[in-house]
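Here are the chains, one letter per residue:
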Amino acid sequence: RCFSKISQKVIKTCKKMGIKTVAVHSDVDSSAVHVKMADEAFCVGPAPTSKSYLNMDTIMEAIRQTGAQAVHPGYGFLSENKEFARRLAADGVSFIGPDTHAIQAMGDKIESKLIAKAAKVNTIPGFDGVVKVRVALLLHLSESLGSARGCTSDLLTVCESCSSEAADKSRTYILYYNCVCVFIQVLADKHGNALWLNERECSIQRRNQKVVEEAPSTFLDPVTRRAMGEQAVSLAKAVKYSSAGTVEFLVDSKKNFYFLEMNTRLQVEHPITECITGLDLVQQMIRVAKGYKLQHKQEDIPINGWAIESRVYAEDPYKSFGLPSIGRLSQYEEPLNLPGVRVDSGIQEGSDISIYYDPMISKLVTYGSTRAEALKKMEDALDNYVIRGVTHNIPLLREIIVHPRFISGDISTNFLPEVYPEGFKGHPLAAGEQRELLAAAAALHVAAQLRSQRFLGQQRVSSVPQERRNWELCVELDKGVHMLGGIKLNLNTGLSLCVPILLSIQCKTQNLLLLSKLAASLNKLMPEKIPEDTSSILRSPMPGTVVAVSVKPGDTVAEGQEICVIEAMKMQNSMTAAKTAKVKSVHCTAGETVGEGDLLVELE
């Protein structure tokens with residue numbers, strides 16, 4: 001999905017510049033939007049990324065067969081792969097990004113930190129070396145760096161997970177922080193010129209992945225902004241960087257800032273930088289790759305207005321702030337009718353959201369002359385966004401942007417766990433909101449009943465009295481029961497319902513059931529489902545692939561011990577034991593595909 005979104009942006013820019021395009025795609029993406037937009041398309045393999053989007057041999061063959069002269073790698077897959085950039089250069093094909101030296105230098109967090117130090121860029125105090133995953137050393141490092149959270153076993157599990165995903169499994173870089181995360185956008189050419197294009201605020205995260213971003217940051221003052229920008233440019237020049245790139249900084253409460261890493265590619269949230277500067281970053285990357293000098297000076301780079309980006313994911317926000325959801329989009333309507341709204345998406349109604357790729361549906365961007373205006377537009381845009389067929393995180397996004405702490409700018413990388421310590425539970429309805437919701441639900445139900453009595457404007461034969469005007473309804477809302485008796489409604493089948501009201505209901509609650517009085521009385525006779533003992537049964541919280549199974553029948557596990565790892569949409573989730581017990585049975589094996597709710601392990 002992410003690949004399709006950035007591909008669309010590249011194709012649009014290329015069309016504007018008079019450049020023909022070729023879209024590569026996997027077989028499951030053959031009907032993707034970017035494939036339809038391009039002048040040509042080339043299938044590079046089956047759904048698994050290792051056999052398609054990461055298959056360099058097939059992609060190189062696509063380049064040769066189509067005669068492509070340049071490759072824009074987007075912001076995933078091979079975008080920061082120095083071997084891919086080297087192979088393109090060897091074949092005389094331009095890589096629209098930095099050269100292999102810069103990719104390699106900034107690709108290693110330890111080496112990049114040493115280079116940053118030499119370039120007089122502020123770096124995080126602490127240990128700069130390689131960490132071998134040993135319990136005693138982890139505990140020592142954790143204490144020496146001032147961490148008072150968690151236990152040694154938790155830290156060991158995290159480091160083992162990082163090591164398993166790393167290219168060099170013997171190297172682990174430890175970083176603990178609770179701060180403000182600010183990214184500086186840089187742009188450099190092949191002639192030694194470099195600019196900083198202001199910052200992006202990226203602190204609202206879950207599992208170290210961004211959820212809401214904005215530009216500029218509420219936290220920076222002009223002096224700090226300039227200092228960060230100048231250091232970012234200094235680092236870019238130190239590695240002879242040429243293209244668009246992002247230097248990531250962590251900022252503490254006293255506005256001390258420290259280099260974290262440099263992303264040698266275009267980033268997902270680049271549209272908010274484009275909104276406040278007026279620059280098309282893809283166009284600038286293409287110009288730089290062709291060898292042109294930058295068109296602008298530092299004094300030409302403005303901050304015009306405010307932009308906010310919400311990452312709309314196919315995720316269940318009620319599970320760990322967002323575990324992947326799969327399915328087919330049965331209804332999909334973007335809020336593009338609203339002013340100041342931009343939607344970068346790679347899907348359309350009918351698209352399938354699968355386990356193979358990133359769960360992002362779209363990047364929803366709003367722009368206004370002030371932050372308050374951009375926030376109001378974002379609220380309206382989320383209320384008008386229609387997504388059906390998959391679970392999505394719009395309820396969480398909406399709660400974030402209207403939360404008083406977010407509005408005041410009091411944010412950090414720990415925003416979500418601090419605001420929702422028990423996890424996200426949805427919008428808490430005030431008394432007035434509850435009455436409005438009950439009334440709206442009743443109106444929708446009655447309108448549907450009346451509309452169902454007509455067919456092409458003609459009255460159907462119906463068991464419901466045609467002149468019925470009084471309705472007795474029962475609404476079950478968040479485990480509460482509300483009787484709506486003797487309601488008098490003057491509705492007709494031509495009733496026009498306000499879409500924003502419907503979507504506000506969608507955002508505010510997910511547990512609403514409306515029944516007639518008769519149906520409600522019969523519903524009471526239904527046997528209650530006995531809750532499952534989740535302490536003894538481990539089920540998959542999401543569809544995915546079993547990466548590893550750490551136990552076998554007969555093993556004794558401790559509470560919190562890792563039992564298995566499930567991977568979906570480029571995300572690994574460690575499944576742990578809810579209690580100390582003996583393993584009764586194991587129902588999964590490494591490499592197996594599982595669905596949401598599938599039984600994984602039973603404990604005695």
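Residues numbered from 1 in each chain as written. Predicted model: local features only at pLDDT ≥ 70, side-chain atom pairs only at ≥ 80, totals over all residues. Heavy atoms only, no water.

As annotated in an unreviewed UniProt entry, the protein carries the name Propionyl-CoA carboxylase subunit alpha and is attributed to Astyanax mexicanus. Checking UniProt for the protein, the heading Cofactor (unreviewed entry) contains the comment "biotin". According to the UniProt record, the Subcellular location (unreviewed entry) comment for the protein is "Mitochondrion". (UniProt positions renumbered as here; feature names shortened; annotations may be inferred.)

1. Concerning the pattern of salt bridges
Using the criterion set out here, one finds 34 salt bridges in the structure. Asp91 is the partner of Arg64 in a salt bridge, and the nearest nitrogen-oxygen pair spans 3.2 Å. Here Asp91 lies in the loop between α4 (82-90) and β4 (94-95) and Arg64 lies in helix α3 (residues 56-66), a separation of 27 residues in the sequence. Among the residues examined, Arg64 registers a relative accessible area of 48% and is labelled partly exposed. Of the charged contacts, one joins Glu315 and Arg207 as a salt bridge, the two residues approaching to 4.0 Å between their closest N and O atoms. Of this pair, Glu315 sits in strand β11 (residues 315-316) while Arg207 sits in the loop between β6 (194-206) and β7 (209-215), and the two are 108 residues apart along the sequence. Given a relative accessible area of 1%, Glu315 falls into the buried group. Salt bridges here are not isolated pairs; linked through shared partners, they connect Lys9, Lys16, Glu274, Asp280, Arg342, Asp344 and Lys363. (Salt bridge = Lys/Arg side-chain N within 4 Å of Asp/Glu carboxyl O. Helix = DSSP H or I, 4+ residues; strand = E, 2+ residues; numbered from the N terminus. Buried < 20%, exposed > 50% of the residue type's maximum accessible area, 1.4 Å probe, protein only.)

2. Observations concerning the nonpolar core
A general tendency of soluble globular proteins is for nonpolar side chains to be buried together. Core analysis: the largest hydrophobic core is formed by 37 residues, its most contacted members being Ile361, Leu364, Tyr385, Ile387, Ile400 and Phe406. Among the secondary structure elements, those contributing two or more residues to this core are β7, β10 (306-313), β15 (341-345), β17 (360-368), α12 (371-383), α13 (394-402) and α15 (415-419). Every residue in contact with Ile361, bar those within four places of it in the chain, is listed here: Lys5, Val312, Tyr313, Ala314, Tyr332, Ser345, Gly346, Ile347, Tyr385, Ile387 and Val390. Counting 27 residues, the second largest nonpolar core, distinct from the first, contains Ala105, Ala188, Ala194 and Ala232. (Core = buried A, V, L, I, M, F, W, Y, C linked by side-chain atoms within 4.5 Å. Contact = heavy atoms within 4.5 Å.)

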